[in-house]
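Structural overview for review
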Amino acid sequence: MRRLHNTVKNFAWGTTDAIPAILGTAPDGTPCAELWLGAHPLSPSRLDTGDFEQQRSTRRSAQQGSSSSLDVKTDSSTVGPNLIEYVAGDPAGLLGQDSLRVFGPRLPFLLKVLSAQKALSIQVHPNPEQAATGFAREESQGPDLDSATRNYKDPSAKPELIYALTEFHALTGFRSRKAVRATFERLLSLSLSATSLDFLGDVISALKSVTEARAFSKAVELVLGDSRSAGFVDEVAAQDLAELPEGHISRSGTAVDPAETFHELVSDYPSDPGVLVALMLNRVHLQPGEALAMESGVLHAYLGGTGIEVMASSDNVLRGGLTNKHIDIPELGKVAKFTSARPRMVEPDRDGILLGTTEDFALQSLRCPRLTQVERRGASIALCTSGTITLTSLGSTVTLTRGQSVFIAANEPTVTADGHGDLFVATTGLETSLPFV
């Protein structure tokens, strides 16, 4: 078990206090949007070297019949190699043979703490075949990997799962076509210019297409690509839209009235056509402890709150609004699933384990564990978000306080967790068991 130093991402949409609170640091007003734990090339975690010799000493003591505890406060002087370099030194032992066979010599998941003060971009992620094809195409034809217009940064899919630490709002997948049509038809009652009325009529007509997939595809393409869209958003934003009672068809599939969603988003993203895409999607209100999975092809956006996010280790994102970043409408149209679907809520099993839609990751949530076995299906990363948790394996003990984390190799003996606090463990979603090598 090796302690980690991790990176905080200061994106503008982040909150200023939630991640510092988990890390036990004082907020300074800087947005802290994400804490990354893993081996993603953009910000790989680094190993702490200050405790390595003490771990070896602990193992020797255990072999001699005594025991000791490791509780080291890390600092910048003890930062060692990054997790990519470390794994490359012994991929079979550190990742496990099953993981190595399925995912290759890399850590297949990325663990994050995500804290949003305002909405992230509406986005969709490719499936494995789309990612591999898109990456190969852009590698051969350009643009450069660091280009702002690049769609595919790697050849991997990016399914993900969010576990709410606070109340958490998200958009995920299309609502029923009837509900979406009713929402846009409500806007006909507003005082709109002739241009905006024509645009609204075109959107409603698109939603009447023969098939649901064609209806949503045409409506999204129109909203994102038509020059009248921004002006229409501005005109609607300048007017009051009466809230309708629960049970009205236009509220189907959303935790709040779509009018509320519109005004929330347009205040942060004025003139952004993505606000209209948001009206087409299910809105979910997660309570602490609830989790939501996102599979490839599902349009989604996180609107606000703090949560633990685990995903396949990829950076492939196609955006559909609420952003000033690159939007590729034709490519988005190839990747997105234009069919209505209920949000994919995820329930933990008896061991607190949550699974996504692929084998890339699993997440174990442990509250005040009492000598509970840590779930490991290959390599794992454990993060303590509150209290104090002690991890123990044969001859090795590591005590974590809030904000501290460890990498647990696949060839580490059985690990148990004990303490008062919250521990999250990311591992693969493979159906495997000890021994891993």
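Note that residues are indexed from 1 along each chain, following the sequence as it is written. Only residues with pLDDT of 70 or above have their local features reported here, since the model is predicted, and side-chain atom pairs are shown and tallied only from 80 upward, although totals for entire chains, interfaces and linings are computed over all residues. Just so you know, side-chain values use all the structure's heavy atoms and leave hydrogens and water out.

Let's shift gears to the pairing of strand β3 (residues 34-38). Regular strands have side chains that alternate between both faces of the sheet. With respect to burial, β3 is a largely interior element, five of its five residues being buried. What you see with β3 is no split at all: Glu 34, Trp 36 and Gly 38 on one side and Leu 35 and Leu 37 on the other are buried throughout. For two strands to be treated as a pair, DSSP must find at least two bridges joining them. Runs of E in the DSSP output that reach at least two residues are strands. Runs of H or I that reach at least four are helices, and both are numbered from the N terminus. Note: strand β2 (residues 7-9) against β3, three bridges, orientation antiparallel. Residue Val 8 lies in a different strand from β3, and its bridge partner there is Leu 35. One ladder, built from five bridges, connects β3 with strand β6 (residues 109-116); its direction is antiparallel. Across the sheet, residue Leu 37 finds its bridge partner in β6, namely Leu 111. A simple rule labels every residue: compare its accessible area, found with a 1.4 Å probe on the protein chains alone, to the largest value its type can have, and call it buried under 20%, exposed over 50%, or partly exposed in between.

Along helix α7 (residues 177-186), the positions that sit buried rather than exposed are Ala 179, Val 180, Ala 182, Thr 183, Phe 184 and Arg 186. When checking whether two residues touch, look at their non-hydrogen atoms; a contact exists if any pair is within 4.5 Å. Those residues of α7 that are buried are in contact with α8 (194-206), α9 (212-225), α11 (258-268) and α12 (274-278).

Another aspect to go through is empty space enclosed by the protein. Lining residues are defined by having an atom within 4 Å of a point belonging to a cavity or pocket. Those points lie on a 1 Å grid over the protein atoms alone, cavities being sets where a 1.4 Å probe fits but cannot get out and pockets being open sets with protein on both sides within 12 Å along at least five of seven lines. Grid points are joined across faces, edges and corners, and a volume is the space filled by probe spheres set on the points. Tallied over the full model, the rule gives two cavities of 30 Å³ or more. Residue lining of the largest cavity: Thr 183, Arg 186, Leu 187, Val 236, Leu 241, Pro 258, Ala 259, Phe 262 and Leu 279, and that is the complete set. For the lining of the largest cavity, the element with the most residues is α11, which contributes three residues. For this classification, Asp, Glu, Lys and Arg are treated as charged, while Ala, Val, Leu, Ile, Met, Phe, Trp, Tyr, Cys and Pro are nonpolar and the rest, including Gly, are polar. Across the lining of the largest cavity, the residue classes tally to seven nonpolar, one polar and one charged. For the second largest cavity, the full set of lining residues is Arg 175, Thr 254, Pro 258, Thr 261, Ala 278, Leu 279, Leu 281 and Arg 283. Class assignment for the residues of the lining of the second largest cavity results in four nonpolar, two polar and two charged.

Moving on: the packing of α8 against helix α10 (residues 229-237). To characterise two packed helices, one gives the angle between the axes of the helices and the distance between these axes. Each axis is a line fitted through C-alpha atoms, taken for helices only over the stretch in contact, and angles between the N-to-C directions span 0 to 180 degrees. Axis separation between α8 and α10 bottoms out at 9 Å; the angle between their running directions is 105°. One way to sum up the angle between α8 and α10 is to call them roughly perpendicular. In this structure, α8 contributes Ser 196, Phe 199 and Leu 200 to the contact, and α10 contributes Ser 229, Gly 231, Phe 232 and Glu 235. Residue composition of the contact of α8 with α10, by class: three nonpolar, three polar and one charged. Roughly parallel means an angle under 35 degrees; roughly antiparallel, over 145; roughly perpendicular, 65 to 115; everything else is oblique.

UniProt positions are given in the numbering used here, feature names are shortened, and annotations may be inferred rather than shown by experiment. UniProt's entry tags residues 2-65 and 84-175 with the feature "domain: Phosphomannose isomerase type I catalytic" (unreviewed entry), counted in the numbering of this structure. Here residues 84-175 is 35% helix and 24% strand, with 40 Å between the C-alpha atoms at its ends.

A separate point is the side chain of Arg 175. You can see Arg 175 is positioned in the loop between β9 (168-174) and α7. A polar contact is formed between the side chain of Arg 175 and the backbone oxygen of Ser 250, at a distance of 2.7 Å. Here a polar contact is taken to be a pair of N or O atoms separated by no more than 3.5 Å, where protein atoms must pair a possible hydrogen donor with a possible acceptor and residues adjacent in sequence count only if both atoms sit in side chains.

Here the focus is the pairing of β9. Counting buried residues along β9, seven of its seven residues qualify, which places the element largely inside the surrounding structure. Examined bridge by bridge, β9 and strand β10 (residues 281-286) share five bridges and lie antiparallel to one another. Residue pairing across strands places Phe 168 opposite Leu 286, the latter belonging to β10. Pairing analysis gives four bridges linking β9 to strand β12 (residues 300-312), with the strands arranged antiparallel. The residue bridging Thr 172 from the neighbouring strand is His 300, located in β12.

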